Amino acid sequence: MQISIVGEAGPTPEIAALAEEVGAELGRRGITLVCGGGQGVMEAACRGAKSQGGTTIGILPGSDLSAANDWVDVTIPTGLGQARNVIIARSGSAAIAIGGRYGTLTEIGHALKAGIPVVGLRTWTLSKSGAVDPSIIVATDAKDAVEKAVSVAERPRPTDISND
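Residues numbered from 1 in each chain as written. Predicted model: local features only at pLDDT ≥ 70, side-chain atom pairs only at ≥ 80, totals over all residues. Heavy atoms only, no water.

A few points about the packing of helix α1 (residues 13–28) against helix α5 (residues 142–153)
Okay, so step 1: The N-to-C vectors of α1 and α5 enclose an angle of 45 degrees; their axes lie 8 Å apart at closest approach. With respect to α5, the element α1 is oriented oblique. In this structure, α1 crosses over α5, and the sense of that crossing is right-handed. Residues Leu-18, Glu-21, Val-22, Glu-25 and Leu-26 of α1 lie in contact with α5, whose contacting residues are Ala-142, Lys-143, Ala-145 and Val-146. (Axes fitted to C-alpha atoms, helices over the stretch in contact; angles between N-to-C directions. Helix = DSSP H or I, 4+ residues; strand = E, 2+ residues; numbered from the N terminus. Parallel < 35°, antiparallel > 145°, perpendicular 65-115°, else oblique. Left-handed = near helix turned anticlockwise from the far one by under 90°. Contact = heavy atoms within 4.5 Å.)

Digging into the pairing of strand β5 (residues 94–98)
Okay, so step 1: Taken across its five residues, β5 has five buried, putting it largely inside the fold.
Okay, so step 2: Here strand β1 (residues 2–7) pairs with β5 via five bridges, running parallel. For Ser-4, the partnering residue across the bridge sits in β5 and is Ala-95.
Okay, so step 3: Handedness of the β-α-β unit built from β5, helix α4 (residues 102–113) and strand β6 (residues 118–121) comes out right-handed. (Buried < 20%, exposed > 50% of the residue type's maximum accessible area, 1.4 Å probe, protein only. Pairing = 2+ DSSP bridges. Right-handed = clockwise from strand over helix to strand, strands pointing away.)

Overview of helix α2 (residues 41–51)
Okay, so step 1: Counted residue by residue, α2 has eight buried out of 11 residues, so it is predominantly covered.
Okay, so step 2: Regarding α2, the residues found buried are Val-41, Met-42, Glu-43, Ala-44, Ala-45, Cys-46, Gly-48 and Ala-49.
Okay, so step 3: The inward-facing, buried residues of α2 abut β1, α1, β2 (32–35), β3 (56–60), α3 (84–90) and β5.
Okay, so step 4: Taken from the residues just after α2, Gly-53 is the one with a positive phi, measuring 80 degrees.

Some details on the sheet that holds β6
Okay, so step 1: The strand order β4-β3-β2-β1-β5-β6-β9 describes an open sheet built from seven strands, whose pairing is parallel. Every interior strand has two partners, whereas the edge strands, β4 (74–77) and β9 (136–138), have only one. Each neighbouring strand pair of the sheet contributes to a mean axis angle of 25 degrees, computed without reference to strand direction.
Okay, so step 2: The strands that α2 touches are β1, β2, β3 and β5; relative to β2, the one it contacts most, it runs at about 165 degrees.

Some points on the packing of aromatic side chains
Okay, so step 1: Counting across every chain of the model gives one aromatic pair.
Okay, so step 2: Aromatic pair Tyr-102 and Trp-124: ring centres 5.6 Å apart, planes at 35 degrees, arrangement tilted. Placement of the pair is Tyr-102 in helix α4 and Trp-124 in the loop between β6 and β7 (126–128), with a sequence separation of 22 residues.
Okay, so step 3: Residue Tyr-102 is classed as exposed on the basis of its relative accessible area, which comes to 65%.
Okay, so step 4: Directly above the ring of Trp-71 sits Arg-47, whose terminal nitrogen or CZ lies 5.2 Å from the centroid. (Phe/Tyr/Trp six-rings, centres within 6.5 Å; stacked < 30°, edge-to-face > 60°. Lys NZ or Arg CZ within 6 Å of the ring centre and 35° of its normal.)

Quick word on the nonpolar core
Okay, so step 1: Ile-5, Val-22, Leu-26, Leu-33, Ile-96 and Ile-98 are the most contacted members of the largest nonpolar core, which totals 33 residues.
Okay, so step 2: Every element with two or more residues in this core is listed here: β1, α1, β2, α2, β5, β6 and α5.
Okay, so step 3: Per-element accounting of this core gives the leading share, seven residues, to α5.
Okay, so step 4: Setting aside chain neighbours within four positions, we find Leu-33 in contact with Ile-3, Ile-5, Gly-23, Leu-26, Ala-45, Cys-46, Ala-49, Thr-55, Thr-56 and Ile-57.
Okay, so step 5: Listed in part, the 14 residues of the second largest apolar core include Ala-97, Ile-108, Ala-111 and Ile-116. (Core = buried A, V, L, I, M, F, W, Y, C linked by side-chain atoms within 4.5 Å.)

What about the environment of Arg-28?
Okay, so step 1: Assignment of secondary structure puts Arg-28 in helix α1.
Okay, so step 2: For the pair Arg-28 and Tyr-102, spaced 74 residues apart in sequence, the C-alpha separation works out to 30 Å.
Okay, so step 3: Here the side chain of Arg-28 touches Glu-25 through a polar contact of 2.9 Å, side chain to side chain. (Polar contact = N/O pair within 3.5 Å; in protein donor to acceptor, adjacent residues only side chain to side chain.)

Structure below.
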């Protein structure tokens, strides 16, 4: 199983600690972590995964292999800039959003559009016409985030979503 981790490059220490805990929990379970391969939430999550013997994949925005953080096992330099967010979002059976800014929001949107469940840990909430949209599954802590992501990742999902 692969789970995508999305989040900001400049997190608070609290958000970075949560990301590291999420990564460690994924590593303990033998789940491959997919992320943007850079700093911040991505680096913390990869460090956590590697501390537990996990495997990490970093999908970089640029073409420079050395831009990946030190805990990435497989580096994929795309040269696509922020367009690589689509690849990150679609590479997991579920996504866990931790903290985040607008780039994280785009990854959440791409995952949801593709029918990939998103678990949120101190991240964005969505609303439509003034009502909260329940699309992002709210987690209370790192272990809860991974539990919920694994649970929804194991459910069958559509192979593709229309372009509406």
